[in-house]
Amino acid sequence: MTELRLENINLKIGNRNIIEDLNLKIESKDFFVFLGPSGCGKTTTLRIIAGLVQQTSGDVIVDGKVINDLSPSKRELSLVFQDYALYPHKTVFENIAFPLRIARKDRQHIIDKVKEVSSFLAIEHILGKKPSNISGGERQRVAIARALVKNPKLLLMDEPLSNLDAKLRDTVRFELKKIHNETGITTVYVTHDQLEAMTLGTKIAVMNGGKLIQTGTPMNVFEEPVNSFVASFIGSPPMNILSAPETLKEVGAKSGSIGVRPRAVAVNHDAKGGEFVELTGRIEGINLLGNEALVLMRINGESLYFSVRREHFDQISEGKMKTVYVEKNRVYLFDENGQASGRLKAEDYAKTEIFGN
């Protein structure tokens, strides 16, 4: 399959650095996800890979070959856009067949390939329809079919689920993972949604301000963030970052800040103290989420969000003072510059569900 390397990629517009010293290796068959807030440079990086934006310096290398000077059509890749970019006046069949017609493939080859990918994606029944007459999920699959029909070396996807409703996004995430598992195409995916990144990616790269902050498997980045930005960006709900001197003193941290994930907080504990730290504050709000509640507590002027399971709802009440407990080995430490400096108690800890630590 296909390996992609980005070496010393920089993009500068005027005096502004859009992408700065980006070095990255994407291995064959990876489902690689660029993750970060709006404006961090992730879509620009994708467009540089595609050849739609020319970097100021650095190399895009596919299977050992520098492709900087190749036009997008010569790079043997396909791009799925955020809005799918389907031709409204063409049928689904013609939309899927379009890249093959541009490549001047013969009629029977086109028919065979369109049937093959439409069968794979279960959209044979809509081949004669126009995009306006099919659902959002079907349009998304048509866009993917058009991308797959020419057997690309690389599949690039720019926030392809952002226009779908929440329920459909869940369904399509499973479909995308299945497609990747069955085709093995090296895939580069851009999103600001960390849930998409965690569930789809074999590897993820967190970007901010045009810089690559951390790369690794989803669980590695989640469990061992390199700084407080990554820690607070990855996870749902996000990690609490607390820096009030009184809080640091209470937990035994000397400076910088601490990080506590909402699901690491317990509302009761029989053996208080010892391997746990205690945090006391006033409950400011409770959002009920079915079998779970998200609670907002104010501690030393800062906000602490934590999750409470249904069987413990009777232990929380708005406006009341409450003491909660966090295992020391689940308290992250960050220095004055926000860089990770270990845990309050450095030892192996029990790994729970993907967003549970």
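In this text the structure is predicted, and so the values were computed from the model without any measurement. Throughout this description, residue numbers start from 1 for each chain and increase along the sequence as written. Where totals are concerned, whole chains, interfaces and linings use all residues; where local detail is concerned, this predicted model gives features only for residues with pLDDT of at least 70, and gives and counts side-chain atom pairs only at 80 or more. For side-chain calculations, the full set of non-hydrogen atoms in the structure is used, while hydrogens and water are omitted.

> Would you mind showing me how to read the packing of aromatic side chains here?
For any pair of aromatic rings, geometry is given as the distance between the ring centres together with the angle between the planes. Here the aromatic set is Phe, Tyr and Trp, taking the six-membered ring for Trp, and pairing holds for ring centres within 6.5 Å; pairs whose planes are under 30 degrees apart are stacked, those over 60 apart are edge-to-face, and all others are tilted. The final tally for this structure, using the stated rule, is four aromatic pairs. Between Phe31 and Tyr189, the ring centres sit 5.5 Å apart and the planes meet at 45 degrees, which makes this aromatic pair tilted. Within this pair, whereas Phe31 is found in strand β3 (residues 31–35), its partner Tyr189 is found in strand β8 (residues 186–191), the two being separated by 158 residues in sequence. For the residue pair Phe31 and Tyr189, the accessibility class agrees, reading buried in each case. Look at Phe32 and Phe34: their rings are 5.4 Å apart centre to centre, the planes differ by 65 degrees, and that puts the pair in the edge-to-face class. Residue Phe32 shares its accessibility class with Phe34, and that shared class is buried. By the criterion adopted, a ring carries a charge over it if an Arg CZ or a Lys NZ lies within 6 Å of its centre and within 35 degrees of its normal. Note that Arg261 overlies the ring of Phe222, its terminal NZ or CZ placed 4.0 Å from the centroid. When the ring centre of Tyr332 is taken as reference, the NZ or CZ atom of Arg343 above it lies at 4.0 Å. Numbering goes from the N terminus for both helices and strands, where a helix is a DSSP run of H or I of at least four residues and a strand is a run of E of at least two. Per-residue accessibility, obtained with a 1.4 Å probe over protein chains only, is compared with the maximum for each type, and a residue is labelled buried under 20%, exposed over 50%, and partly exposed between these values.

> Can you help me understand the packing of helix α2 (residues 92–102) against helix α4 (residues 136–148) in this one?
To describe two helices that pack against each other, one gives the angle between their axes and the distance between the axes. Orientation is described by axes fitted as lines to C-alpha atoms, over the contacting stretch for helices, and by angles from 0 to 180 degrees between their N-to-C directions. Axis separation between α2 and α4 bottoms out at 7 Å; the angle between their running directions is 30 degrees. Classed by the angle they form, the pair α2 and α4 counts as roughly parallel. Judged by the sense of rotation from one axis to the other, the crossing of α2 with α4 is right-handed. Contacts between α2 and α4 involve Val92, Asn95, Ile96 and Pro99 on the former and, on the latter, Val142, Ala145 and Arg146. Any residue outside Ala, Val, Leu, Ile, Met, Phe, Trp, Tyr, Cys, Pro, Asp, Glu, Lys and Arg is labelled polar, Gly included; the first ten of those are nonpolar and the last four are charged. Residues belonging to the contact of α2 with α4 are distributed by class as follows: five nonpolar, one polar and one charged. Reported orientations rely on four angle classes, namely roughly parallel under 35 degrees, roughly antiparallel over 145, roughly perpendicular from 65 to 115, and oblique for the rest. Two helices crossing with the near one rotated counterclockwise from the far one by less than a right angle form a left-handed crossing, whereas a clockwise rotation gives a right-handed crossing. Contacts between residues were defined by any pair of non-hydrogen atoms, one from each residue, lying within 4.5 Å.

> Explain the layout of surface pockets here, please?
Over the atoms, a rolling probe the size of a water molecule traces out where space has been left empty. We place a 1 Å grid over just the protein atoms. Points where a 1.4 Å probe fits but has no way out form a cavity, open points with protein on both sides within 12 Å along at least 5 of 7 lines form a pocket, and any residue with an atom within 4 Å of a point lines it. Grid points are joined across faces, edges and corners, and a volume is the space filled by probe spheres set on the points. In this structure, the largest pocket spans a volume of roughly 790 Å³. If you trace the largest pocket, you find 29 residues lining it, with Ser73, Leu77, Ser78, Pro99 and Lys150 closest to the centre. Listing elements by their share of the lining of the largest pocket, those giving two or more residues are β6 (77–80), α2, α3 (107–120) and α4. Put simply, the second largest pocket is a space of about 250 Å³. Every residue lining the second largest pocket is counted, eleven residues in all, and those nearest its centre are Arg263, Val265, Ser307, Val308 and Arg309. Taken together, the elements giving at least two residues each to the lining of the second largest pocket come down to β13 (265–266) and β16 (302–309). For the lining of the second largest pocket, the element with the most residues is β16, which contributes three residues. For the lining of the second largest pocket, the residue count by class is four nonpolar, three polar and four charged.

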